[in-house]
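Analysis of the macromolecular model
Residue-level listing of the chains:
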Amino acid sequence: MMGDWPGGMPPFLARVEGGEFEGWYTLVDAPNFAQFAGPFYFSFDEEDNAPVAAMALAAHHQNLGGTGHGGALMTFVDMAAFHTITPEVPDWKAVTVGVSCDFVGAGPIGGVLRCKGEILRAGGRSLFTRGLVTAAGAPVLNWSAHLMRMPTKGRG
């Protein structure tokens, strides 16, 4: 997976050098919940240049049943939704209005979650997205999200 960030890479992301996610982007120097809950990785599909997100499920992401905790998976979905809007909002200046998730499989600890989403509709401020989270090609989570662009100066 390789690709250039549309509009230039935001300062809160850096290219990964080495390892399983070499060439992807990840959050850096961002003292926020998403960096604590991850790490999350972002790239673009080689075939259609669509945004793709990934997350390696580690022991601290597990629930009492030994699989990926629903809260960890939903945090990943939120991050994937923001990456999905990259073609419309390259700097991710938006907020989450709502997310709907259906858990359809288990996220294996030690496995990698992948998500490829799509923008269903991009209006003036509202963006409607959906996607599927998979692990080793098997569905784990189906989601849809409504994000709202942050207003720019002079716009209400």
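A brief report on the enclosed structure follows. (Residues numbered from 1 in each chain as written. Predicted model: local features only at pLDDT ≥ 70, side-chain atom pairs only at ≥ 80, totals over all residues. Heavy atoms only, no water.)

**A short note on the pairing of strand β8 (residues 138–149)**
Defined as follows: At least two bridges found by DSSP between two strands are what make those strands a pair. Comment: elements are numbered from the N terminus, with helices defined as DSSP H or I runs of at least four residues and strands as E runs of at least two.
For strand β5 (residues 94–103) and β8, the ladder comprises 9 bridges, and the chain directions are antiparallel. Looking across to β8, one finds that Ala-94 is bridged to Arg-149. Bridge analysis of strand β7 (residues 126–135) against β8 gives 10 bridges, and the strand direction is antiparallel. Each residue of the ladder has a partner; that of Leu-132, found in β8, is Asn-142. Between β7 and β8, which follow one another and run antiparallel, lie 2 residues, and Ala-136 among them has a positive phi close to 55 degrees.

**Looking at the sheet that holds strand β1 (residues 13–15)**
Quick reminder of the rule: The convention used is that axes are lines fitted to C-alpha atoms, helices contributing only their stretch in contact, and that angles between N-to-C directions extend from 0 to 180 degrees.
If you trace the 8 strands from one edge of the open sheet to the other, you get β1-β2-β3-β4-β6-β7-β8-β5, paired in antiparallel fashion. Both outer strands of the open sheet, β1 and β5, are each paired with one neighbouring strand and no more. Taken over all neighbouring pairs, the strand axes of this sheet differ in orientation by 30 degrees on average, direction set aside. Bridge analysis of β1 against strand β2 (residues 25–27) gives 3 bridges, and the strand direction is antiparallel. Residue Ala-14 lies in a different strand from β2, and its bridge partner there is Thr-26.

**Points about the pattern of salt bridges**
Defined as follows: For this analysis, a salt bridge means a side-chain nitrogen from Lys or Arg found within 4 Å of a carboxyl oxygen belonging to Asp or Glu.
The tally for this structure, following the rule as stated, stands at 4 salt bridges. We note a salt bridge from Lys-116 to Asp-48, for which the minimum N-O separation is 2.9 Å. Remark: Asp-48 occurs in the loop between β3 (40–44) and β4 (51–56) and Lys-116 occurs in strand β6 (residues 112–122); sequence separation between them is 68 residues. Close ionic contact of Arg-149 with Glu-88 constitutes a salt bridge, the shortest N to O distance being 3.1 Å. Taken together, the residues Arg-149 in strand β8 and Glu-88 in the loop between α2 (70–84) and β5 connect sequence positions 61 residues apart. Among the charged side chains, a network of salt bridges with common partners joins Asp-45, Asp-48 and Lys-116.

**Quick notes on the packing of aromatic side chains**
To be explicit about the condition: The criterion for an aromatic pair is that two Phe, Tyr or Trp rings (for Trp, the six-membered ring) have centres within 6.5 Å, with stacked assigned to planes under 30 degrees apart, edge-to-face to planes over 60 apart and tilted to the rest. Think of it in three bands: residues with accessible area under 20% of the maximum for their type are buried, residues over 50% are exposed, and the middle band is partly exposed, with areas taken using a 1.4 Å probe on protein chains only.
Scanning all chains against the criterion turns up 6 aromatic pairs. Taking 6.4 Å as the distance between ring centres and 45 degrees as the angle between the ring planes, the aromatic pair formed by Phe-33 and Phe-36 counts as tilted. Of this pair, Phe-33 and Phe-36 are both found in helix α1 (residues 33–37), 3 residues apart, which corresponds to roughly one turn of the helix. We classify Phe-36 as exposed; its relative accessible area is 66%. Pairing Phe-40 with Phe-76 gives two aromatic rings, centres 6.1 Å apart and planes at 15 degrees, and the pair type is stacked. Residue Phe-40 is located in strand β3, and its partner Phe-76 is located in helix α2; the two are separated by 36 residues in the primary sequence. Across the pair, exposure class does not vary: Phe-40 and Phe-76 are buried alike. Ring-pair connections join several aromatic residues into one group, and the members of that group are Phe-12, Phe-42 and Trp-92.

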